[in-house]
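Topology and contacts: notes
Residues per chain are reported as follows:
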Amino acid sequence: MSALRLAELDADNLGAAVRIPPDVGEKAYVAPVVFSVAQAYVTPTAWPRVILDGDTVVGFVMANWDPENEVPAFRGGIWRLNVADEAKGRGFGRFAVEAVAAEARRRGYDEITVLWNPAPDGPERFYLRVGFEKTGELFGETVGTRKV
(Lines give C-alpha, C1' and ligand atoms only; values in the text may rest on other atoms or scores of the structure.)
Protein backbone atom coordinates (compact mmCIF):
# COMPACT_ATOMS: atom_id res chain seq x y z
CA MET A 1 0.00 0.00 0.00
CA SER A 2 1.27 3.42 -0.84
CA ALA A 3 -0.46 6.65 0.15
CA LEU A 4 -3.99 5.65 1.12
CA ARG A 5 -6.61 8.36 1.24
CA LEU A 6 -10.26 9.08 0.69
CA ALA A 7 -11.26 11.51 -2.03
CA GLU A 8 -14.54 13.08 -2.97
CA LEU A 9 -16.41 11.34 -5.72
CA ASP A 10 -15.98 13.44 -8.87
CA ALA A 11 -16.08 13.26 -12.66
CA ASP A 12 -12.46 12.06 -12.80
CA ASN A 13 -12.91 9.02 -10.52
CA LEU A 14 -16.59 8.17 -11.11
CA GLY A 15 -15.91 5.70 -13.93
CA ALA A 16 -13.43 3.69 -11.87
CA ALA A 17 -15.73 3.79 -8.85
CA VAL A 18 -18.80 2.40 -10.63
CA ARG A 19 -16.74 -0.47 -12.08
CA ILE A 20 -16.05 -1.80 -8.57
CA PRO A 21 -18.08 -4.98 -7.96
CA PRO A 22 -20.74 -5.98 -7.34
CA ASP A 23 -22.25 -5.35 -10.73
CA VAL A 24 -25.92 -4.49 -11.03
CA GLY A 25 -27.89 -7.73 -10.76
CA GLU A 26 -25.00 -9.70 -9.22
CA LYS A 27 -25.98 -11.62 -6.08
CA ALA A 28 -24.23 -9.72 -3.33
CA TYR A 29 -24.81 -8.25 0.10
CA VAL A 30 -23.66 -4.76 -0.85
CA ALA A 31 -25.41 -2.49 -3.33
CA PRO A 32 -23.53 -1.67 -6.54
CA VAL A 33 -21.60 1.61 -6.44
CA VAL A 34 -23.83 3.05 -9.18
CA PHE A 35 -26.83 2.61 -6.86
CA SER A 36 -24.93 4.28 -4.02
CA VAL A 37 -24.03 7.22 -6.26
CA ALA A 38 -27.68 7.66 -7.19
CA GLN A 39 -28.68 7.45 -3.53
CA ALA A 40 -26.05 10.05 -2.61
CA TYR A 41 -27.41 12.37 -5.29
CA VAL A 42 -30.84 12.43 -3.62
CA THR A 43 -29.63 12.25 0.01
CA PRO A 44 -28.03 15.53 1.13
CA THR A 45 -26.53 13.91 4.26
CA ALA A 46 -24.67 11.21 2.27
CA TRP A 47 -20.87 11.34 2.15
CA PRO A 48 -19.60 9.31 -0.86
CA ARG A 49 -15.83 8.83 -1.17
CA VAL A 50 -13.47 6.76 -3.27
CA ILE A 51 -10.64 4.89 -1.58
CA LEU A 52 -7.37 5.67 -3.33
CA ASP A 53 -4.08 3.80 -3.21
CA GLY A 54 -1.84 6.46 -4.70
CA ASP A 55 -3.88 7.54 -7.71
CA THR A 56 -5.65 4.20 -8.18
CA VAL A 57 -9.27 3.78 -7.12
CA VAL A 58 -9.41 0.58 -5.05
CA GLY A 59 -12.75 1.03 -3.32
CA PHE A 60 -15.76 3.12 -2.46
CA VAL A 61 -17.22 4.05 0.92
CA MET A 62 -20.34 6.06 1.64
CA ALA A 63 -21.14 7.35 5.09
CA ASN A 64 -24.14 9.29 6.27
CA TRP A 65 -24.08 12.21 8.69
CA ASP A 66 -27.62 12.93 9.92
CA PRO A 67 -27.49 13.48 13.72
CA GLU A 68 -31.22 14.28 13.94
CA ASN A 69 -32.42 11.14 12.13
CA GLU A 70 -35.28 9.46 13.98
CA VAL A 71 -33.58 6.07 13.46
CA PRO A 72 -30.45 5.99 15.66
CA ALA A 73 -28.68 3.53 13.32
CA PHE A 74 -28.89 6.13 10.52
CA ARG A 75 -27.49 9.12 12.42
CA GLY A 76 -23.85 8.55 11.55
CA GLY A 77 -21.94 5.71 10.04
CA ILE A 78 -21.18 3.56 7.04
CA TRP A 79 -23.90 2.97 4.47
CA ARG A 80 -21.78 1.24 1.83
CA LEU A 81 -18.31 -0.22 1.53
CA ASN A 82 -17.11 -1.77 -1.72
CA VAL A 83 -13.53 -2.89 -2.39
CA ALA A 84 -12.31 -3.98 -5.83
CA ASP A 85 -11.84 -7.75 -6.09
CA GLU A 86 -8.10 -7.45 -6.80
CA ALA A 87 -7.67 -5.20 -3.75
CA LYS A 88 -9.50 -7.34 -1.18
CA GLY A 89 -7.54 -8.64 1.79
CA ARG A 90 -4.96 -5.84 1.61
CA GLY A 91 -6.32 -3.52 4.34
CA PHE A 92 -8.27 -1.08 2.18
CA GLY A 93 -11.59 -1.86 3.87
CA ARG A 94 -10.05 -1.42 7.31
CA PHE A 95 -8.52 1.87 6.16
CA ALA A 96 -11.95 3.09 4.98
CA VAL A 97 -13.57 2.20 8.32
CA GLU A 98 -10.83 4.06 10.20
CA ALA A 99 -11.18 7.07 7.89
CA VAL A 100 -14.95 7.19 8.45
CA ALA A 101 -14.35 6.91 12.22
CA ALA A 102 -11.90 9.83 12.01
CA GLU A 103 -14.46 11.92 10.12
CA ALA A 104 -17.07 11.02 12.75
CA ARG A 105 -14.75 12.23 15.53
CA ARG A 106 -14.13 15.45 13.59
CA ARG A 107 -17.91 15.95 13.40
CA GLY A 108 -18.35 15.31 17.13
CA TYR A 109 -19.76 11.77 17.02
CA ASP A 110 -18.92 9.23 19.73
CA GLU A 111 -19.81 6.18 17.64
CA ILE A 112 -20.64 5.02 14.14
CA THR A 113 -22.98 2.33 12.90
CA VAL A 114 -23.19 -0.05 9.99
CA LEU A 115 -25.85 -2.53 8.88
CA TRP A 116 -25.02 -5.86 7.24
CA ASN A 117 -26.80 -8.91 5.94
CA PRO A 118 -26.39 -11.71 8.50
CA ALA A 119 -25.85 -14.36 5.78
CA PRO A 120 -23.06 -16.90 6.41
CA ASP A 121 -20.99 -15.48 3.53
CA GLY A 122 -21.83 -11.84 4.29
CA PRO A 123 -19.48 -9.17 5.70
CA GLU A 124 -20.10 -9.86 9.40
CA ARG A 125 -16.63 -11.26 10.14
CA PHE A 126 -15.01 -8.19 8.58
CA TYR A 127 -17.10 -5.71 10.57
CA LEU A 128 -16.51 -7.55 13.84
CA ARG A 129 -12.74 -7.64 13.15
CA VAL A 130 -12.64 -3.86 12.64
CA GLY A 131 -14.30 -3.15 15.96
CA PHE A 132 -18.05 -3.17 15.44
CA GLU A 133 -20.24 -4.95 17.96
CA LYS A 134 -23.67 -6.35 17.19
CA THR A 135 -26.18 -4.00 18.81
CA GLY A 136 -29.49 -4.87 17.20
CA GLU A 137 -31.46 -5.66 14.10
CA LEU A 138 -33.19 -3.40 11.61
CA PHE A 139 -35.03 -4.34 8.42
CA GLY A 140 -33.71 -7.91 8.74
CA GLU A 141 -30.11 -6.75 8.90
CA THR A 142 -27.66 -6.74 11.78
CA VAL A 143 -26.82 -3.35 13.28
CA GLY A 144 -23.21 -2.91 14.34
CA THR A 145 -21.93 -0.06 16.49
CA ARG A 146 -18.35 1.02 17.07
CA LYS A 147 -16.83 3.71 19.24
CA VAL A 148 -14.77 6.24 17.36
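Everything below is about the structure printed above this text.
Rules and cut-offs
- Residues numbered from 1 in each chain as written.
- Predicted model: local features only at pLDDT ≥ 70, side-chain atom pairs only at ≥ 80, totals over all residues.
- Heavy atoms only, no water.
- Buried < 20%, exposed > 50% of the residue type's maximum accessible area, 1.4 Å probe, protein only.
- Helix = DSSP H or I, 4+ residues; strand = E, 2+ residues; numbered from the N terminus.
- Pairing = 2+ DSSP bridges.
- Axes fitted to C-alpha atoms, helices over the stretch in contact; angles between N-to-C directions.
- Arc of directions from axis to C-beta.
- Contact = heavy atoms within 4.5 Å.
- Core = buried A, V, L, I, M, F, W, Y, C linked by side-chain atoms within 4.5 Å.
- Patch = residues over 30% accessible without salt bridge, like charges linked within 9 Å, V, L, I, M, F, W, Y side chains within 5 Å.
- Areas by Shrake-Rupley, 256 points an atom, 1.4 Å probe, with all protein chains shown as cover.
- Salt bridge = Lys/Arg side-chain N within 4 Å of Asp/Glu carboxyl O.

Attention now moves to the pairing of strand E2 (residues 46-53). Counting buried positions along E2 yields 8 of 8 residues, so the element is predominantly enclosed. Residues of E2 alternate between two faces, with Ala46, Pro48, Val50 and Leu52 on one and Trp47, Arg49, Ile51 and Asp53 on the opposite face, all of them buried. Pairing analysis gives 8 bridges linking E2 to strand E3 (residues 56-65), with the strands arranged antiparallel. If you follow Ile51 over to E3, its bridge partner there is Gly59.

Attention now goes to the sheet that holds strand E4 (residues 76-83). Judged by pairing direction, the sheet is mixed, and its 7 strands sit side by side in the order E1-E2-E3-E4-E5-E7-E6 without closing on themselves. Either end of the sheet is taken by a strand with one partner, and the two such strands are strand E1 (4-8) and strand E6 (133-138). Each adjacent strand pair in this sheet contributes to an overall mean axis angle of 30°, direction not counted. Alignment of E3 against E4, held across 7 bridges, turns out to be antiparallel. Bridge pairing in E4 links Ala63 to Ile78.

On to helix H2 (residues 33-42), then. Taken together, the buried positions of H2 are occupied by Val33, Ser36, Val37 and Ala40. Buried residues in H2, looked at end-on, bunch into an arc of 100°, giving them a common side. Summarising the geometry of H2, the exposed residues directed more than 90 degrees from the buried face are Tyr41 and Val42. Buried residues along H2 sit in contact with helix H1 (14-18), E2, E3 and E4.

Grouped together as the largest cluster of nonpolar side chains are 25 residues, with contacts concentrated most on Trp65, Ile78, Leu81, Val100, Tyr127 and Phe132. Elements that contribute at least two residues to this core include exactly E2, E3, E4, helix H3 (92-106), strand E5 (111-116) and helix H4 (124-129). Take this core: its biggest share by element is 6 residues, from H3. Excluding anything up to four places from it in sequence, Phe132 contacts Ile78, Val97, Ile112, Thr113, Val114, Trp116, Tyr127, Gly144, Thr145 and Arg146. Formed by 12 residues, the second largest nonpolar core is a distinct cluster that contains Ala17, Val33, Ala40 and Val50.

Remark: a regular strand shows side chains that alternate across the two faces of the sheet. A large share of strand E7 (residues 141-147) lies buried, amounting to 5 of its 7 residues. As defined by bridge partners, E5 adjoins E7 across 6 bridges and the pair is classed as antiparallel. Bridged to Ile112 within E7 is Arg146. Between E6 and E7, which pair antiparallel in sequence order, lie 2 residues; one of them, Phe139, sits at a positive phi of approximately 55°.

It is worth spelling out a nonpolar patch on the surface at this point. On the surface, a nonpolar cluster with roughly 310 Å² of combined accessible area is contributed by Leu14, Val18, Val34 and Phe35. Residue assignment for the nonpolar patch shows that the elements contributing at least two residues are H1 and H2. As for its placement among the helices and strands, Val34 is situated in helix H2. According to the relative accessible area criterion, Val34 is partly exposed, its value standing at 43%.

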